[in-house]
Amino acid sequence: MSTLRANVLRMQPYVPGKPIEEVQRELGLSSVVKLASNENPLGPSPKAVAAVQEAAKRMHVYPDASGHAVKQKLAEKAGLDKCQVLLGNGSDELIHLLGLIHLEKGDEMVVADPTFVRYEAAAHLAEATLVKVPLDHSLTHDLVAMADAVTPRTKLVFVANPHNPTGTVVSKEAFDAFLDRIPETATVVLDEAYFEYGPQSPDGVEYVKAGRNVVVLRTFSKAYGLAGIRVGYGFADASVVDAVDRAREPFDVNALAQAAAVTALDDTEHLDRSRQVNTSGLARITRIMACHGFTAVPSFANFICVDIGRPAQPVFEALLRQGVVVRAGGPLGLPNYLRISVGTDAEIDRLEEALASAVSVTV
Ligand SMILES: Cc1ncc(COP(=O)(O)O)c(C=O)c1O
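Note that the structure is predicted; figures quoted are calculated from it, not measured.

Asks: Explain the pattern of salt bridges here, please?
Replies: Between side chains of opposite charge, a pair can form as their charged atoms come close. On inspection of all chains with the given rule, the structure shows 21 salt bridges. Residue Arg5 pairs with Glu127 through a salt bridge whose shortest N-O separation is 3.4 Å. Taken together, the positions of Arg5 in the segment before helix H1 (6–9) and Glu127 in the loop between helix H6 (118–125) and strand E4 (129–134) put the pair 122 residues apart, joining distant regions of the chain. Note on Arg5: relative accessible area 40%, which makes it partly exposed.

Asks: Can you help me understand the packing of aromatic side chains in this one?
Replies: Scanning the model with the defined rule gives 9 aromatic pairs in all. Here the aromatic rings of Phe116 and Tyr119 are separated by 5.6 Å at their centres, their planes lie at 75 degrees, and the arrangement is edge-to-face. A single burial state applies to Phe116 and to Tyr119, both of which are buried. An angle of 45 degrees between the planes, with centres 5.6 Å apart, marks the rings of Phe175 and Phe178 as tilted. With Phe175 and Phe178 both in helix H8 (residues 172–181), this residue pair falls 3 residues apart, about one helical turn. You can call Phe175 buried: its relative accessible area is 0%. Accessibility expressed as a relative area gives 2% for Phe178, which makes it buried.

Asks: Can you help me understand the environment of Gly225 in this one?
Replies: Within the secondary structure, Gly225 sits in the loop between strand E7 (214–219) and strand E8 (232–235). Considering only alpha carbons, one finds Gly225 and Ser274, 49 residues apart in sequence, at a separation of 8.7 Å. With residues near it in sequence (within four places) discarded, Gly225 still touches Asn40, Gly43, Pro44 and Phe220.

Asks: Looking at this model, I keep getting lost on the sheet that holds strand E9 (residues 295–296). Mind explaining?
Replies: The pairing of strands in a sheet comes from backbone hydrogen bonds and takes either a parallel or an antiparallel form. With respect to topology, 4 strands assemble into an open sheet ordered E9-E10-E13-E12, the strand pairing being antiparallel. The open sheet terminates on both sides in strands that have one partner only, identified here as E9 and strand E12 (327–328). Bridging between E12 and strand E13 (residues 337–341) involves 2 bridges; their strand directions are antiparallel. Paired with Arg327 across the strands is Arg339, a residue of E13.

Asks: Quick question: what am I supposed to make of the nonpolar core here?
Replies: Looking at soluble globular proteins, one finds that nonpolar side chains tend to be buried together. Of all hydrophobic cores here, the largest spans 51 residues; its most connected members are Leu74, Met146, Phe175, Phe178, Val188, Phe220 and Phe235. Here this core takes 6 residues from helix H11 (residues 255–266), the largest share from any one element. Two domains each put at least three residues into this core: domain 1 (6–44 + 269–362) and domain 2 (46–266). If you look at the next biggest cluster of nonpolar residues, it comprises 33 residues, including Leu320, Val324, Val326 and Leu338.

Asks: Looking at this model, I keep getting lost on the site of the ligand. Mind explaining?
Replies: In the vicinity of the ligand there are 13 residues, among which Ser91, Asp191, Tyr194, Thr219 and Ser221 approach most closely. In this structure, an oxygen atom belonging to the ligand sits 2.7 Å away from a side-chain N or O atom of Tyr194. Contacts to the ligand include Arg230, whose side-chain N or O atom sits 2.7 Å from an oxygen atom. In isolation the ligand has 400 Å² of accessible area, and contact with the protein removes 94% of it. In the shell around the ligand, the residues fall into 4 nonpolar, 5 polar and 4 charged.

Asks: What is the right way to read the pairing of strand E6 (residues 187–191) from this model?
Replies: The side chains of a regular strand alternate between the sheet's two faces. Most of E6 is tucked away: 5 of the 5 residues are buried. Going residue by residue along E6, you find Thr187, Val189 and Asp191 tucked away on one face and Val188 and Leu190 tucked away on the opposite face as well. In this structure, strand E5 (residues 154–160) lies alongside E6, joined through 5 bridges in parallel fashion. Residue pairing for E6: Phe158 is matched across the bridge by Val189. Considered for its hand, the β-α-β crossover made up of E5, H8 and E6 is right-handed. The pairing of E6 with E7 spans 4 bridges and is parallel. Counted as the bridge partner of Asp191 is Leu217 from E7. Handedness of the β-α-β unit built from E6, helix H9 (residues 204–209) and E7 comes out right-handed.

Asks: Before we go on, may I ask you to explain the pairing of E4 in this structure?
Replies: Sheet analysis places strand E3 (residues 108–113) next to E4, joined by 6 bridges and oriented parallel. Residue pairing across strands places Val110 opposite Val131, the latter belonging to E4. Once the chain exits E3 it traverses H6 before rejoining the sheet at E4, and the crossover so formed is right-handed.

How each quantity is defined
- Residues numbered from 1 in each chain as written.
- Predicted model: local features only at pLDDT ≥ 70, side-chain atom pairs only at ≥ 80, totals over all residues.
- Heavy atoms only, no water.
- Salt bridge = Lys/Arg side-chain N within 4 Å of Asp/Glu carboxyl O.
- Helix = DSSP H or I, 4+ residues; strand = E, 2+ residues; numbered from the N terminus.
- Buried < 20%, exposed > 50% of the residue type's maximum accessible area, 1.4 Å probe, protein only.
- Phe/Tyr/Trp six-rings, centres within 6.5 Å; stacked < 30°, edge-to-face > 60°.
- Contact = heavy atoms within 4.5 Å.
- Pairing = 2+ DSSP bridges.
- Core = buried A, V, L, I, M, F, W, Y, C linked by side-chain atoms within 4.5 Å.
- Domains from an automatic or database assignment.
- Near = heavy atom within 4 Å.
- Polar contact = N/O pair within 3.5 Å; in protein donor to acceptor, adjacent residues only side chain to side chain.
- Areas by Shrake-Rupley, 256 points an atom, 1.4 Å probe, with all protein chains shown as cover.
- Nonpolar A, V, L, I, M, F, W, Y, C, P; charged D, E, K, R; others polar.
- Right-handed = clockwise from strand over helix to strand, strands pointing away.

Spatial relationships are all this shows, so hold off on functional conclusions.
Rendered as structure tokens:
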């Protein structure tokens, strides 16, 4: 007899974008371009790399369990108090912890369908009921339908803005109207992992400042280029931060990650360059797709969802064989779509070449 929890065994393991080394090994390719995990194609801030090298000299010492320096800087930037700042081992960990501190068996969690897959895991772990509300015709959160789906049993509602996997955003008016309909018994998590690619409106910080029942999540993994070292953060009422602090592991954000994050926050030059590369990359990928008659969903993030008008899996595989890794939409709930992360110019050149041949062999 297994001692493993049945609800855990029912969960789907997370399937990440294929790592470059794996694709090289499996397909015998020497050069692979990965446009699959919404990473920063410029890499990390060189200043953050230097800070990590320096911090590595003290890696025999436990990290600051309170994440003081990072939290302080984030609080100052946002105009909030340090006690309103969440820090986690990636925002993935914060999603997990928010589930842990809010959900009990039989509670409900409302999410869009499709949406970022880790929300689902938080519900399953708690044996909470996941209520999925389809995106609207423009692949945007249907906030009216999501508010309709909230019941007295709903504890959490997740809204990713910009949304992953579609890159779409909700308007401030729509979000305000939605929030006004959510009872105090439910907490709204506004996941702003791609916030820096904005300008974004709504800006989650304003709701925390106004004392609304909103938890904001952000990350250093995207525009700051620190996905591999794992730092996510957020803003919430001090009571939520306190609850997370009780539930989390004391040293969840390691010392190197804290050094990288605090330094990356000051490297505005790198952030600006990352934004510029993203804006021009989005425009270029949109143009390339249009040449093939494919429609790219207007994106406010660092990736773009493209409707190729037929099952996308064969095109995904044909790209993969040529060493260009994107995401097939099928596992993301969008079978006719490819999700493509923005790369450097050279990486987009590779995409353009590979797509021309992928499309011709798969028609
Ligand atoms: C909407 C959204 N939230 C959270 C995350 C997790 O980011 P992190 O690397 O901070 O765990 C991602 C990553 O792709 C995401 O797209």
